[in-house]
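Tertiary structure, described
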Amino acid sequence: MSVLFSNSYARLPERFYARVAPTSAVSPKLIRLNRPLALELGLDPDWLASPDGLEVLTGKRIATGSEPIATAYAGHQFGNFVPQLGDGRAILLGEVINQTGTRRDIQLKGSGRTPYSRGGDGKAALGPVLREYVVSEAMAALGIPTTRSLAAATTGGEVARETLLPGALLVRVASSHIRVGTFQFFAARDDVEGGRLLADHVIGRHYPEAADADRPYRALLDAVISAQADLIARWLMVGFIHGVMNTDNMSIAGETIDYGPCAFIDAYDPATVFSSIDRRGRYAYGNQPQIALWNLTRFAETLLPLLDEREDVAIADAEEALAAFAPRFEGSYQAGLRRKLGLFTQQDADAALAGSLLEAMTRNQVDFTLFFRGLADAQAEGEADDAMRALFTNPSSYDAWIQKWRARFRDEPQDAATRTRAMDAVNPAYIPRNHRIEAMIKAAIEQEDFAPFEEMTALLSRPFEDQPSLSHYADPPKPEERVLATFCGT
């Protein structure tokens, strides 16, 4: 068999993309195939893992029905507008539709040069491919909307970066690869018709309910704003830092996309930055909601000609839509915090309770994941308090807060076991710790040892389950293990 492609984006006008074939797979070798995802896509994992399947997966052979394209987009990068970016090292092989009628993109990352490569080689090194595979699949297991990783493979070639590194490919799956920057590409060219075609495509593909609204393009804007507000709130619930929230890295479908210099916080601090290129902290952990709104404002600007022919009316309409972001985000964020705290009801003082905790965690350098995972065991005064107090540089801060929390949930009828189950279902035992990711990549590159990669992938597919034999993966880094900076994969 082969992959049955159904390509809607390639039916759009030629100015939306460039037709280009992958070139980087010299002698591809499969590192890992995501068999459950393959089945979800309606694909045969045994065939995909075969020599013929691997050639199709890695673009060495173009399958019947595949129409490889690199998509065009623009974008604000760290606030500076670039009118043409595009897929410089990624090629969309096509789209597949599964048994339930769900359409997904299958894209190759690291597939070679395209017309949008801007002097780059279009290739990917092994490290960034493994990082994106592990982190994107972990995010999916955490219940956060995200692109997925169908496969990772080495190309048989080398990639010149600071040194020569093994070349690799990621086979990425997404609801689509349409970005805020895709809309900006047409707006920058005053191509209103192109923007309209794109908006109609997005409505049909992602937000069909908007087609039935009195004002479909306003409904589209509302839907994208809501999706992003909810997504960013969910990032914050697990300590995720995207690292490079440029407009070309924001998915219109509301999925996490482009895992470059991403990271997870260890000690809680809203000012945390890992990305080596984010020198001013623009995309710090705590800034992500504001940046999302900034990006959405750029998206709204691209829709102005579709909202109303009268510019002042269109601007007022867009501003009204954007004003809904803050309450939508805050509602999602506070609901997420209540779930993490094991609260089944909502009270006016809950935001202050959660806020005082986060302030104490910042002052005391408390590990975000360990604290919330251990909190369920501290419902009653006892031995668990010793471990929790040890997370704080000043344990009295814990003592002062924990009594307020215990008093708060006594108003609720749920018993301790029910609350524990609820909390353990939202507070992961395991996240992709930055130092573990770096160690995994080092083993693969320096020793061709993929056992840590396989172990992490398996562990993080069940992040809410205690796995005693792998409990060391829950440990925060020792001082000498701390990752101070993460890097883009280009």
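What this report covers is the structure whose coordinates are included nearby. (Residues numbered from 1 in each chain as written. Predicted model: local features only at pLDDT ≥ 70, side-chain atom pairs only at ≥ 80, totals over all residues. Heavy atoms only, no water.)

A closer look at the overall build of the protein
- The helix and strand tally for the protein stands at 17 helices and 12 strands.
- Radius of gyration (C-alpha) of the protein: 23 Å, near the 23 Å computed for a compact globule of 490 residues.
- With the C-alpha coordinates aligned to their principal axes, the bounding extent of the protein is approximately 65 × 60 × 45 Å.
- Looking at the protein as a whole, 57% of its 490 residues are labelled buried.
- Working note: accessible area of the protein is about 20,100 Å², and carbon and sulfur atoms make up 51% of it.
- Taking the 50 positively charged and 64 negatively charged side chains of the protein as two groups, their mean positions are separated by 3 Å. (Helix = DSSP H or I, 4+ residues; strand = E, 2+ residues; numbered from the N terminus. Rg over C-alpha atoms; globule rule 2.2 N^0.38 Å. Buried < 20%, exposed > 50% of the residue type's maximum accessible area, 1.4 Å probe, protein only. Areas by Shrake-Rupley, 256 points an atom, 1.4 Å probe, with all protein chains shown as cover. Lys, Arg positive; Asp, Glu negative; His and termini not counted. Charge placed at Lys NZ, Arg CZ, Asp CG, Glu CD.)

Topic: the packing of aromatic side chains
- Under the defined criterion, the tally for this structure stands at 21 aromatic pairs.
- Ring centres 4.4 Å apart and planes at 45° place the aromatic pair Phe16 and Phe186 in the tilted group. You can see Phe16 sitting in the segment before strand S1 (17-19) and its partner Phe186 sitting in helix H5 (residues 180-187), a full 170 residues away along the chain. Here Phe16 and Phe186 have matching classes, each one buried.
- Over the ring of Tyr73 we find Arg179, and its NZ or CZ is 4.6 Å from the ring centre.
- It is Lys340 that lies over the ring of Phe372; its NZ or CZ is 4.7 Å from the centre. (Phe/Tyr/Trp six-rings, centres within 6.5 Å; stacked < 30°, edge-to-face > 60°. Lys NZ or Arg CZ within 6 Å of the ring centre and 35° of its normal.)

Describing the packing of helix H7 (residues 216-237) against helix H8 (residues 288-307)
- Interaxial distance between H7 and H8 falls to 10 Å at its minimum, and their mutual angle equals 170°. As the angle between them shows, H7 and H8 are arranged roughly antiparallel. Contacts between H7 and H8 involve Tyr217, Arg218, Leu220, Leu221, Val224, Ile225, Gln228, Ile232, Trp235 and Leu236 from the former and Gln288, Pro289, Ala292, Leu296, Phe299, Ala300, Leu303, Leu306 and Leu307 from the latter. (Axes fitted to C-alpha atoms, helices over the stretch in contact; angles between N-to-C directions. Parallel < 35°, antiparallel > 145°, perpendicular 65-115°, else oblique. Contact = heavy atoms within 4.5 Å.)

Quick look at the nonpolar core
- Core analysis: the largest hydrophobic core is formed by 124 residues, its most contacted members being Phe371 and Trp405.
- Counting residues per element, this core draws most heavily on H7, which supplies 14 residues.
- With residues up to four places along the chain from it excluded, the contact list for Trp405 reads Leu341, Leu343, Leu353, Leu375, Ala378, Gln379 and Met423.
- If you look at the next biggest cluster of nonpolar residues, it comprises 20 residues, including Leu57, Leu108, Leu150 and Ala151. (Core = buried A, V, L, I, M, F, W, Y, C linked by side-chain atoms within 4.5 Å.)

Here's the deal with the environment of Ala300
- Structurally, Ala300 can be placed in helix H8.
- A residue is classified by how much of its surface remains accessible, and Ala300, at 1% relative accessible area, is buried.
- Residues Ala300 and Ile225, spaced 75 residues apart in sequence, show a C-alpha to C-alpha distance of 9.4 Å.
- With residues up to four places along the chain from it excluded, the contact list for Ala300 reads Leu221, Ala318 and Leu322.

Here's the deal with helix H16 (residues 434-447)
- Under the 1.5 Å per step criterion, the end-to-end length of H16 is 20 Å for 14 residues, consistent within 8% with the ideal 20 Å.
- Taken as a whole, H16 has its buried residues at Asn434, His435, Ile437, Met440, Ile441, Ala443 and Ala444.
- Buried residues along H16 sit against helix H4 (126-141), strand S12 (263-264) and helix H17 (451-460).
- Glu448 sits one or two residues past H16 and shows a positive phi near 55°. (Expected span 1.5 Å × (residues − 1).)

Looking at the pattern of salt bridges
- Enumeration according to the criterion identifies 36 salt bridges in this entry.
- For the salt bridge of Arg104 with Glu40, the shortest nitrogen-to-oxygen distance reads 2.9 Å. With Arg104 in strand S7 (residues 103-109) and Glu40 in helix H1 (residues 35-40), the pair connects residues that are 64 residues apart, well separated along the chain.
- Using a relative accessible area of 16% as the deciding quantity, one classes Arg104 as buried.
- Judged by its relative accessible area of 34%, Glu40 falls in the partly exposed class.
- One salt bridge in this structure joins Asp385 and Arg406, with 2.7 Å as the shortest N-O distance. Residue Asp385 is located in helix H13 (residues 384-389), and its partner Arg406 is located in helix H14 (residues 395-409); the two are separated by 21 residues in the primary sequence. Of the two residues, Asp385 and Arg406, both sit in the buried class. (Salt bridge = Lys/Arg side-chain N within 4 Å of Asp/Glu carboxyl O.)

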